Amino acid sequence: MLEKFIKEVESLGLVVTKEKLDQLEIIYNTLIETNKTMNLTRITDKEEVYIKHFYDSLTLAKIYDLSKVETLCDVGTGAGFPGIILKIFYPNLKITLIDALLKRVNYLNNLIEKLNLKDIKAYHIRAEDLIKKGKTFDIVTARAVASLPKLLNWTMPLVNDKGSFLAMKGNIEEELEEAKKIISKNNWIVNKNITFDLPNNKGFRTLLEIKKNK
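Residues numbered from 1 in each chain as written. Predicted model: local features only at pLDDT ≥ 70, side-chain atom pairs only at ≥ 80, totals over all residues. Heavy atoms only, no water.

Visitor: Can you help me understand the layout of surface pockets in this one?
Guide: Size it by volume and the largest pocket reaches roughly 740 Å³. Around the largest pocket sit 31 residues that line it, and Gly76, Gly78, Arg143, Ala144 and Val145 are the ones nearest its centre. Elements represented by at least two residues in the lining of the largest pocket include exactly helix H3 (46-58), strand E2 (94-99), helix H6 (127-132) and strand E5 (159-169). If one sorts the elements of the lining of the largest pocket by residue count, H3 sits on top with three residues. By volume, the second largest pocket amounts to about 160 Å³. Taken together, Thr17, Glu19, Lys20, Gln23, Lys87, Ile88, Pro91, Leu115, Asn116, Leu117 and Lys118 make up the full set of residues lining the second largest pocket. Secondary-structure elements contributing two or more residues to the lining of the second largest pocket are helix H2 (18-35) and helix H4 (83-89). By residue number, the principal contributor to the lining of the second largest pocket is H2, which donates three residues. Here the lining of the second largest pocket is composed, by residue class, of four nonpolar, three polar and four charged. (1 Å grid on protein atoms, 1.4 Å probe; cavity = no way out; pocket = protein on both sides within 12 Å on 5 of 7 lines; lining within 4 Å. Points joined across faces, edges and corners; volume = space filled by probe spheres on them. Helix = DSSP H or I, 4+ residues; strand = E, 2+ residues; numbered from the N terminus. Nonpolar A, V, L, I, M, F, W, Y, C, P; charged D, E, K, R; others polar.)

Visitor: Teacher, can you tell me more about the sheet that holds strand E3 (residues 120-124) here?
Guide: By definition, the strands of a sheet pair up through backbone hydrogen bonds, in either a parallel or an antiparallel sense. With mixed pairing, seven strands are arranged side by side in an open sheet as E3-E2-E1-E4-E5-E7-E6. On the outer flanks of this sheet lie E3 and strand E6 (188-197), each paired with one strand and no other. Neighbour-to-neighbour, the strand axes of this sheet turn through a mean angle of 20°, independent of strand direction. Judged from the five bridges that link them, strand E1 (residues 71-75) and E2 form a sheet pairing that is parallel. What sits directly across from Asp74, in E2, is Leu97. In the packing of helix H7 (residues 148-155) onto the sheet, the strands contacted are E1, strand E4 (137-143), E5, E6 and strand E7 (204-212), and the crossing angle to E5 comes to about 150°. Lying on the sheet, helix H8 (residues 173-185) is in contact with E5, E6 and E7; it crosses E6 at an angle near 165°. (Pairing = 2+ DSSP bridges. Axes fitted to C-alpha atoms, helices over the stretch in contact; angles between N-to-C directions. Contact = heavy atoms within 4.5 Å.)

Visitor: When you look at the packing of H2 against H3 in this model, what are you seeing that I'm missing?
Guide: For any two helices packed against each other, the geometry is given by the interaxial angle and the distance between the axes. Interhelical geometry of H2 versus H3 gives an angle of 110° and a closest axis separation of 11 Å. Taken together, the axes of H2 and H3 lie roughly perpendicular to each other. When the axes of H2 and H3 are compared, the crossing they make is right-handed. Here Leu24, Glu25, Ile27, Tyr28 and Leu31 of H2 come into contact with H3, specifically with Lys46, Val49, Tyr50 and Phe54. For the contact of H2 with H3, the residue count by class is seven nonpolar, no polar and two charged. (Parallel < 35°, antiparallel > 145°, perpendicular 65-115°, else oblique. Left-handed = near helix turned anticlockwise from the far one by under 90°.)

Visitor: In this structure, what is going on with helix H5 (residues 102-115)? I would like to understand it.
Guide: What sets the pattern is the α-helix's 3.6 residues per turn: residues three or four places apart point alike. Between its first and last C-alpha atoms H5 spans 20 Å; for 14 residues at 1.5 Å apiece the expected length is 20 Å, and the two agree. Looking at the buried residues of H5, the elements they touch are H2, H4, E2 and E3. Directly after H5, the chain includes Asn116, whose backbone phi takes a positive value near 60°. (Expected span 1.5 Å × (residues − 1).)

Visitor: What is the right way to look at the nonpolar core in this model?
Guide: Nonpolar side chains in soluble globular proteins generally cluster together in the buried interior. Among the nonpolar cores identified, the biggest contains 50 residues, and Leu24, Ile27, Phe54, Ile84, Leu86 and Phe89 are the most heavily contacted of them. Listed in part, the 25 residues of the second largest apolar core include Val75, Ala142, Ala167 and Leu208. (Core = buried A, V, L, I, M, F, W, Y, C linked by side-chain atoms within 4.5 Å. Buried < 20%, exposed > 50% of the residue type's maximum accessible area, 1.4 Å probe, protein only.)

Visitor: Please explain the packing of aromatic side chains as it appears in this structure.
Guide: Within a pair of aromatic rings, the relevant descriptors are the distance that separates the centres and the angle that separates the planes. All told, the structure shown has four aromatic pairs when counted by the stated rule. Here the aromatic rings of Phe5 and Tyr50 are separated by 5.1 Å at their centres, their planes lie at 85°, and the arrangement is edge-to-face. Of this pair, Phe5 sits in helix H1 (residues 2-10) while Tyr50 sits in helix H3; the two residues are 45 residues apart in sequence, bridging distant segments of the chain. As far as the burial class goes, Phe5 and Tyr50 line up, both buried. When the centroid spacing of 6.2 Å and the interplanar angle of 55° are considered together, the rings of Tyr28 and Tyr50 count as tilted. Linking Tyr28 in helix H2 with Tyr50 in helix H3, this pair joins segments that are 22 residues apart in sequence. (Phe/Tyr/Trp six-rings, centres within 6.5 Å; stacked < 30°, edge-to-face > 60°.)

Shown next, in the form of structure tokens:
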């Protein structure tokens, strides 16, 4: 299972080291142990976690070169996907994780400490309230959070003028049709739209890059 995972991650152009694998193992073990008392994920099988959470988080490499990015915000991060996985493979990123559930935020900050990661922190705040603070990022991402029209209202105000929102979705045709009006009204553009299947028939995925048309 691990050899297959490593091969798939390397096919994204990423380097897999023993240190990174050790960190992923810590994340997996902590996730499964904590999941017994807190609802973090319904996916607990090791192969599924590695493909549907870890590898899936890294597929952003298909649509954007995050090695050249400074700041990233993961909206509705949940159990820390994609944010914590991205931090392990892109140490250059300064990452802000936000989630509306305090228990999850506490779990994430404890995990970050356990992994000895720097320049990444989880905050107990909703996107709407973060927007009011006037904070913006180079990249904003969200994975399986809400329908695209709703999501755009929460994420695009957090994107700086040169940045992008990267949406991580399943089949998005219907949502994209519904979102056309809000995209057009705000003079945003869908810069990239990529679809692919996860390895081992683990699901269909869509990645969107949406920018402000300046």
